[in-house]
Amino acid sequence: MGLFERYLSVWVALCIVAGIALGHLVPGVFHAIAAAEVAKVNLPVAVLIWLMIVPMLLKIDLGALSRVGEHWRGVGVTLFINWAVKPFSMALLGTLFIGNLFAPLLPQDQISSYIAGLILLAAAPCTAMVFVWSNLCEGEPHYTLSQVALNDIIMVFAFAPLVGLLLGVASIAVPWETLLLSVLLYIVIPVAGAQIWRRSLLATGGEPALKRTLDFIQPVSLVALLTTLVLLFGFQGEQILAQPLVILLLAVPILIQVYFNAGLAYWLSRRFGVAWCVAAPAALIGASNFFELAVAAAISLFGLGSGAALATVVGVLVEVPVMLSVVKIVKATKPWYEGRTHA
């Protein structure tokens, strides 16, 4: 892991402080940024989201889809967790904890927005950091790449219907036009653009050209992420200062769903005789979230100052320490896992 990835939670915490401070010192700047919208799309944030997402998607080789069948049992387990379990379990946990148990401790007018943010966070599987987690647990690289490529394709078609369904079940109004626009802007166009760019680089300069480009744009992606977080917390500052427990309470359902989904994927893999080198990354892919997309969708659907945007950012805050703990768990339990697997 690079310096940024290793200390992501620290940088997010610093962004919280910086955002809240700047929100109080120069509120006019944040109001001007919030007003820069076209068709409910905030232009400055849209640019930042693109700078975050495209470099990550550039790493994905959709050609790896041809190898999905090599590890079909592991792929099947992860698809089941990512698309049939994780979003629904998060909707349930969000309703249970945020909508009921923690409701007296939260701003009443933001509760439904918080739940919406949690749903958005769980509705798309991670496409970038899972390569780091898979590498750390010595996972099978071809499985990881093919699984991520397959999830990207499914996400293009399934994200909007899934989010719409879960928001409707949670009795949250679904702005369909904005949701579909978000899918177009933050999934369809970036995926297509990244693949065109990737193929162009490989055609003209091969793998060295692709690596040089990734090395060059990766810092831009990280700066864009941090800048977006500062903007979010600039708008959320007053609410956080008034309700300092909000972040901690929002983290509870996120933590539970991560460990639940990772554990279920790991257990199912063992039951179906999946090799440990596939089961380990399967657990990690099943548990992690595409938080960049979640942040973008939350801002588009509910606004920069919404509870939904804040909930997705809490996912960023807990991402690294939680996923590192999952890596440690699957590595520590390798002897137990291989005691009964047959493949």
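Whatever comes next refers back to the structure up there.
Now for a look at the structure at hand. (Residues numbered from 1 in each chain as written. Predicted model: local features only at pLDDT ≥ 70, side-chain atom pairs only at ≥ 80, totals over all residues. Heavy atoms only, no water.)

Examining the overall build of the protein
Moving on, step 1. Along the backbone of the protein there are 14 helices and two strands.
Moving on, step 2. Oriented by its inertia axes, the alpha-carbon framework of the protein measures out at about 60 × 50 × 35 Å.
Moving on, step 3. Looking at the protein as a whole, 57% of its 343 residues are labelled buried.
Moving on, step 4. Taking the contacts inside the protein whose residues are at least 6 apart along the sequence as the reference set, 86% of them involve residues at least 24 apart.
Moving on, step 5. Carbon together with sulfur atoms contributes 71% to the accessible area of the protein, which is approximately 13900 Å² in total.
Moving on, step 6. Distance between charge centroids for the protein: 10 Å, based on 16 positive and 15 negative side chains. (Helix = DSSP H or I, 4+ residues; strand = E, 2+ residues; numbered from the N terminus. Buried < 20%, exposed > 50% of the residue type's maximum accessible area, 1.4 Å probe, protein only. Contact = heavy atoms within 4.5 Å. Areas by Shrake-Rupley, 256 points an atom, 1.4 Å probe, with all protein chains shown as cover. Lys, Arg positive; Asp, Glu negative; His and termini not counted. Charge placed at Lys NZ, Arg CZ, Asp CG, Glu CD.)

Here's the deal with the side chain of Ser89
Moving on, step 1. Relative to the helices and strands, Ser89 resides in helix α5 (residues 72-101).
Moving on, step 2. Here the side chain of Ser89 touches Lys86 through a polar contact of 2.9 Å, landing on its backbone oxygen.
Moving on, step 3. Other than its neighbours up to four places away in sequence, Ser89 contacts Gln257, Phe260 and Asn261. (Polar contact = N/O pair within 3.5 Å; in protein donor to acceptor, adjacent residues only side chain to side chain.)

A short note on the layout of surface pockets
Moving on, step 1. Of the volumes computed, that of the second largest pocket is approximately 200 Å³.
Moving on, step 2. Taken together, Lys59, Arg198, Glu207, Leu210, Lys211, Leu214 and Asp215 form the lining of the second largest pocket.
Moving on, step 3. Per-class residue counts for the lining of the second largest pocket are two nonpolar, no polar and five charged. (1 Å grid on protein atoms, 1.4 Å probe; cavity = no way out; pocket = protein on both sides within 12 Å on 5 of 7 lines; lining within 4 Å. Points joined across faces, edges and corners; volume = space filled by probe spheres on them. Nonpolar A, V, L, I, M, F, W, Y, C, P; charged D, E, K, R; others polar.)

Comments concerning the packing of aromatic side chains
Moving on, step 1. Following the criterion strictly, the structure yields four aromatic pairs and no others.
Moving on, step 2. Judged by centre distance (5.5 Å) and plane angle (45°), the ring pair of Phe97 and Phe102 falls under tilted. The exposure classification of Phe97 matches that of Phe102, with both residues buried.
Moving on, step 3. The ring of Trp336 is capped by Arg270, whose NZ or CZ atom sits 3.9 Å from the centre of that ring. (Phe/Tyr/Trp six-rings, centres within 6.5 Å; stacked < 30°, edge-to-face > 60°. Lys NZ or Arg CZ within 6 Å of the ring centre and 35° of its normal.)

Observations regarding the environment of Val326
Moving on, step 1. With respect to the helices and strands, Val326 occurs in helix α13 (residues 307-332).
Moving on, step 2. Ignoring any residue separated from it by four or fewer positions in sequence, one finds Val326 in contact with Val258, Tyr259, Ala262 and Leu284.

Comments concerning helix α11 (residues 276-287)
Moving on, step 1. Between its terminal C-alpha atoms α11 stretches 16 Å, which fits the 16 Å expected from twelve residues at 1.5 Å a residue.
Moving on, step 2. Where burial is concerned, most of α11 is hidden: eleven out of the twelve residues are buried.
Moving on, step 3. Along α11, the residues that are buried comprise Trp276, Val278, Ala279, Ala280, Pro281, Ala282, Ala283, Leu284, Ile285, Gly286 and Ala287.
Moving on, step 4. Buried residues belonging to α11 abut α5, α7 (129-136), α8 (141-169), α10 (246-271), α13 and α14 (334-337). (Expected span 1.5 Å × (residues − 1).)

Section: the state of the cysteines
Simply put, the disulfide is a covalent bond whose two ends are the sulfur atoms of two cysteines.
Moving on, step 1. Applying the stated criterion across every chain yields a total of zero disulfides.
Moving on, step 2. With no disulfide of its own, Cys15 lies closest to Cys126 among cysteine sulfurs, the gap being 18 Å.
Moving on, step 3. Given the relative accessible area of 6%, Cys15 is considered buried. (Disulfide = S-S within 2.5 Å.)

As for the nonpolar core
A general feature of soluble globular proteins is that nonpolar side chains tend to end up buried together.
Moving on, step 1. In this structure, Ile98 and Phe159 are the most contacted members of the largest nonpolar core, which totals 116 residues.
Moving on, step 2. The leading source of residues in this core is α13, at 15 residues.
Moving on, step 3. Discounting chain neighbours no more than four positions away, the residues touching Phe159 are Leu120, Ala123, Ala124, Ile154, Leu179, Val183, Ile187, Leu293 and Ala297. (Core = buried A, V, L, I, M, F, W, Y, C linked by side-chain atoms within 4.5 Å.)

Brief notes about the packing of helix α6 (residues 111-122) against α13
Moving on, step 1. Two elements in contact, α6 and α13, have axes whose closest approach is 7 Å; the angle formed by their N-to-C orientations is 45°. On the basis of their axis angle, the class for α6 and α13 is oblique. With respect to the hand of their crossing, α6 and α13 are arranged in right-handed fashion. Where α6 approaches α13, its residues Ser113, Tyr114, Gly117, Leu118 and Leu121 are matched on the opposing element by Gly307, Ala308, Leu310, Ala311, Thr312 and Gly315.
Moving on, step 2. When grouped by side-chain class, the residues that make up the contact of α6 with α13 number six nonpolar, five polar and no charged. (Axes fitted to C-alpha atoms, helices over the stretch in contact; angles between N-to-C directions. Parallel < 35°, antiparallel > 145°, perpendicular 65-115°, else oblique. Left-handed = near helix turned anticlockwise from the far one by under 90°.)

Regarding the environment of Cys15
Moving on, step 1. With respect to the helices, strands and loops of the structure, Cys15 is situated in helix α2 (residues 8-25).
Moving on, step 2. Sequence spacing of Cys15 and Gly273 is 258 residues, and the spatial spacing of their C-alpha atoms is 44 Å.
Moving on, step 3. Every residue in contact with Cys15, bar those within four places of it in the chain, is listed here: Leu226, Leu229, Val230 and Phe233.

Things to note about empty space enclosed by the protein
Moving on, step 1. In total, this model carries one cavity of 30 Å³ or more according to the counting rule given.
Moving on, step 2. Here the largest cavity defines a volume of roughly 60 Å³.
Moving on, step 3. Along the wall of the largest cavity there are 13 residues; nearest its centre are Val258, Asn289, Gly315, Val318 and Glu319.
Moving on, step 4. Those elements that provide at least two residues to the lining of the largest cavity are α10 and α13.
Moving on, step 5. Counting residues per element, the lining of the largest cavity draws most heavily on α13, at six residues.
Moving on, step 6. Its residues placed into classes, the lining of the largest cavity shows nine nonpolar, three polar and one charged.

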